[in-house]
Amino acid sequence: INAEYMGILQKNMTEQLANAISCHAWNRDQSLIALSPNNNEMHIYATNGNVSDASKWERKWVLDKHGGPVSGIDWAPITNQIVSCGHDRNAYVWRYDEKDNDWKPTLVILRINRAATAVKWSPNENKFAVASGAKCVPVCYFEASNDWWICKVIKKHRSTVLSLDWCVNNKFIVTGGADMKCRVFSAYLEGIDPSEDDGFGEVFPKQHEFGEVLAEFDSAQSWVHSVAWSPGGFRLAFAGHGSNVSFVQILAGSTPIVQTVNFPNLPFLDIRFLSDNSLVAAGFDMNPAVFEVTGGTEAEPFWSYKQSVDKKDTASSSQASQSSFGATRAAFSATVNQGVQFGKTVEESSIWTKHKNIISNIFVFPPAEFPATKFSTAGLDGRVVVWDVAPLALK
Amino acid sequence: MADEAEISKSLNQINTESSSLISRGDFLRALQVALNNPAKNSKNQELKDLAANTIVAALSAVKEADIQKIIDALSQDERTQTMKYVYRGMGFGQNCNLLLKWHQALTDKDGVGVIMRTLVDTKV
């Protein structure tokens, strides 16, 4: 066994927490992270101050209430409640009990007859919405008189809803799904949301009619894997399976402007805004990509792909055996053990990115505070990699 | 839904124009004219095949050495459309050697993303 070859392989290898991670969410100060190892369990780890180094994390709780794979987790930063949803067609709201040092679940009946695919807390944390394969989006709120969560369902979708996000005003959601459309809905609930107009009345006249389609976009021309709403509330983005990301500028008094950016590599599965002018996207490429506003005006921005976050470490490729005997030996062992064409260096054939499989979920933190300072990615390789925003030099 | 008869008429016109541009040696214009067709709005497979044949004819008329020049002159949307019809052309089975050269040049320019956009298109 060539020790140098193994050294190259393990250098900078992030700790693998599970075989695959389907979803994850952080608490407000990043002292805890909740994730699902692609089964019916939710694991909560304490970072003990080492946010970037998963090998130092300590697993504190295993929550296994769900009857099937957990497909979505979201953590409300202020109320500290976790909401999870899964293939068992249920959602649970978890509240931390100090006395018992445990998380107590409350079942939320969603009235869907297919799996839930994603869940997000609203900005004020008094509602959450669940995307589902039942072609609908239940919006749940807490009814204090009965001490339980009840839901009101948004329909109008023609196929599985794959992703959703909330507008900062707590009233609207944007959804994307397998019917290849991205739609904006009103999720306004009387008694929960303030009835005063907050400025969006000019843009969406039907803003206070629950379940009403306020806007619809079809420029993805393919399954919409992920949707996101900018922190300022006037921009949207959605990513399609056709390796494209469409950016929407919402304007008062005129139709929204849509700009579709074609990406040269593989499609994205999750996108999140890092600020009003920048967005991170990750997916089948295993490498997060950053899109920024590179031109245009505030009202008509021009977006483009700027950079990929994971950069190939060119220094390590020269670390390969200095001696010709060692180099030949490495080449032989690579051919025998990996099926690499003889002569091709090991670095060219192995996966150089930090993630060794597709990235399926991103979490930006600090949650609901902008501009973001870090974001974490997780996916089918079972690793959670934390990235710093500062080195990206965003405007 | 657009009128099938109108689409048919439009496609025939495009076919004629594209053929004459090919015979005059203006391969870039021939391709651009052929790409700008309404076949995706039609539900008629014959009309879609007609549009595809026109475009593949334009692609096949280009010499291998000129492919890169033409690709550099096309817009990104036109390149995506071209890739879709390269695959259609390979489905017909003729000139595959040349079509593979088109495929290589388009992939060099737009990456595997352009192949993804081809795969998700159900209307070509």
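Residues numbered from 1 in each chain as written. Chains lettered and ligands numbered in written order. Predicted model: local features only at pLDDT ≥ 70, side-chain atom pairs only at ≥ 80, totals over all residues. Heavy atoms only, no water.

Time to look at the interface of chain A and chain B. Tallying the contact residues gives 11 residues for chain A and 11 residues for chain B. Interface of chain A and chain B: buried area, both sides summed, is about 800 Å²; carbon and sulfur atoms make up 54% of it. At the junction of chain A with chain B, the criterion picks out zero salt bridges. Across the contact surface, chain A and chain B share five residue pairs in polar contact (both at pLDDT 80 or more). For the side of chain A that touches chain B, a count of residues per class yields four nonpolar, seven polar and no charged. (Contact = heavy atoms within 4.5 Å. Buried area = accessible area lost by both parts, 1.4 Å probe. Salt bridge = Lys/Arg side-chain N within 4 Å of Asp/Glu carboxyl O. Polar contact = N/O pair within 3.5 Å; in protein donor to acceptor, adjacent residues only side chain to side chain. Nonpolar A, V, L, I, M, F, W, Y, C, P; charged D, E, K, R; others polar.)

All names here are of chain B. Put simply, helix H2 (residues 27-35) and helix H5 (residues 76-92) touch, their axes get as near as 10 Å, and they point 85° apart. When the interaxial angle is binned, H2 and H5 end up roughly perpendicular. Contacts from Leu31, Gln32 and Leu35 of H2 reach H5 at Glu78, Gln81, Thr82 and Tyr85. Per-class residue counts for the contact of H2 with H5 are three nonpolar, three polar and one charged. (Axes fitted to C-alpha atoms, helices over the stretch in contact; angles between N-to-C directions. Helix = DSSP H or I, 4+ residues; strand = E, 2+ residues; numbered from the N terminus. Parallel < 35°, antiparallel > 145°, perpendicular 65-115°, else oblique.)

The next thing to look at is unusual backbone geometry. Residue and element names in this part refer to chain A. Cis geometry is found at the peptide bond from Phe365 to Pro366, where omega equals 10°. For Pro366, the location among the structural elements is in the loop between strand S25 (359-365) and strand S26 (374-379). Here Phe370 and Pro371 are connected by a cis peptide whose omega angle stands at -5°. Turning to its location among the elements, Pro371 is positioned in the loop between S25 and S26. Phi at Asn38 is positive, roughly 60°, even though this residue is not glycine. Residue placement: Asn38 occurs in the loop between strand S2 (32-36) and strand S3 (42-46). Looking at Asn38, the relative accessible area reads 44%, which means it is partly exposed. The backbone of Arg111 sits at a positive phi, close to 60°, despite the residue not being glycine. With respect to the secondary-structure elements, Arg111 resides in the loop between strand S8 (102-109) and strand S9 (116-121). Arg111 gets classed as exposed once you look at its relative accessible area, which sits at 60%. (Buried < 20%, exposed > 50% of the residue type's maximum accessible area, 1.4 Å probe, protein only.)

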